[in-house]
Amino acid sequence: MLVTLTILKFAPGDRYRAFANMGRWLMKPFDVAGLGFQKMMGTGKNFGFIPDFSQYVFLGVWTGEAAANAFFSSAAWQPFLPKNPLGISTVYLRPFKSHGLWDGVNPFTPDKALPPPDPAAPVAVLTRANIRPGALLDFYRNIPQARQRIAEQGDNLLLAMGVGEKPLVQQCTISIWKNAALVDQFAYRQSGHREIVKKTRDRQWYSEELFARFAVLRMEGF
C-alpha cells in the first residue's frame, strides 16, 4: 500500500476554478485503477474554521507506486492542477499504525510483513474526526489552545496543516515530524495537548475518529 498526500496551491486568479473542481470531485470522484480510497479536502487558515481558498489537499490510497504515478500523469488529473507548477507538492507515505474509522472503514491498514520504520526518520501523523453537532461550540473553543501547542513545536515540524471534507463538522489534521520521539513527546507528555486529548474523550466530541502514523518515503515539491 502507498498513501499520497498532494498539496495544491492556487494563485488568486485561479481560485474559482479550484473551488469548482472541489465540487466536481464531490459529484464524481476519480475512477482509476489502483486507487482504493480518496479524499479531496479544503484547508483552514491557521488550523481554524475559516476556509483557505488558495489551498486544497488530495489524499489517495494506492495499490502501489506504479498506480499513483500513472494517475498523476493522466489526463483525468491535469485539470485539477494549479496553473503554476510550483504550487504542487506531494508526500509519499507508508502507514505503520492506524486505528479508528473514516467513513466507516480504516483505509490505512499497515502491512505487518514490512519492517518497522527507522525511528530517526520523519513521521507523518493524520488525525480525522466527525464532530458531533452538539459539541461544535466546545470543540472550536479549544482550537486556539491546540493551535498554540503546534506553533510551539518550531523546527520539530516539517509540515502542519488543518484540512477537512465538510466545513466545521469533518476535520482532519496532518503533520510531519522530524522523528518518532518528537511525536511521542508531543502526543503523550506535553502539557496542554494531553488535556485536549482528554477532553475529546470526556466530552465525547466525536461520532467517528481515526488516528494514523506513516513512514515518510519521500517529499516532492517542498
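Residues numbered from 1 in each chain as written. Predicted model: local features only at pLDDT ≥ 70, side-chain atom pairs only at ≥ 80, totals over all residues. Heavy atoms only, no water.

### Here we look at the packing of aromatic side chains
For the coordinates displayed, the defined rule picks out 22 aromatic pairs. Ring geometry for F37 versus W102: centroids 5.4 Å apart, planes at 70°, classification edge-to-face. Taken together, the positions of F37 in strand β2 (residues 35-44) and W102 in the loop between β4 (88-100) and β5 (123-131) put the pair 65 residues apart, joining distant regions of the chain. For F37, a relative accessible area of 13% corresponds to the buried category. Clustering of aromatic rings is evident, with ring pairs tying together F30, F58, W62, F71, F72, W77 and F80. Looking at R218, its charged tip hangs above the ring of Y92, at a distance of 3.9 Å from the centre. (Phe/Tyr/Trp six-rings, centres within 6.5 Å; stacked < 30°, edge-to-face > 60°. Helix = DSSP H or I, 4+ residues; strand = E, 2+ residues; numbered from the N terminus. Buried < 20%, exposed > 50% of the residue type's maximum accessible area, 1.4 Å probe, protein only. Lys NZ or Arg CZ within 6 Å of the ring centre and 35° of its normal.)

### As for the confidence of the model for the protein
Averaged over every residue, the pLDDT of the protein is 90; the share at 70 or more is 95%. When pLDDT is averaged over each helix and strand of the protein, the minimum, 68, is found for helix α6 (residues 193-202) and the maximum, 98, for strand β1 (residues 2-9). (pLDDT = per-residue confidence, 0-100.)

### Observations concerning helix α1 (residues 15-27)
Count 3.6 residues to each turn of an α-helix, and residues three or four apart come out pointing the same way. For α1, spanning 13 residues, the distance from its first C-alpha to its last is 19 Å, which sits close to the expected 18 Å at 1.5 Å a residue. For α1, the complete set of buried residues consists of A18, N21, M22 and W25. Taken down its axis, α1 places every buried residue within 105° of arc, on the same side. For α1, the exposed residues lying more than 90 degrees away from the buried face are Y16, L26 and M27. Contact partners of the buried residues in α1: β2, β3 (51-62) and β6 (157-166). (Expected span 1.5 Å × (residues − 1). Arc of directions from axis to C-beta. Contact = heavy atoms within 4.5 Å.)

### Description of unusual backbone geometry
At D103, a position not held by glycine, the phi torsion is positive, near 55°. Within the secondary structure, D103 is located in the loop between β4 and β5.

### Notes on a nonpolar patch on the surface
Taken together, the side chains of F49, I50 and L168 make up a nonpolar region of the molecular surface, amounting to roughly 300 Å² of accessible area. Among the structural elements, L168 can be located in the loop between β6 and β7 (170-177). (Patch = residues over 30% accessible without salt bridge, like charges linked within 9 Å, V, L, I, M, F, W, Y side chains within 5 Å. Areas by Shrake-Rupley, 256 points an atom, 1.4 Å probe, with all protein chains shown as cover. Salt bridge = Lys/Arg side-chain N within 4 Å of Asp/Glu carboxyl O.)

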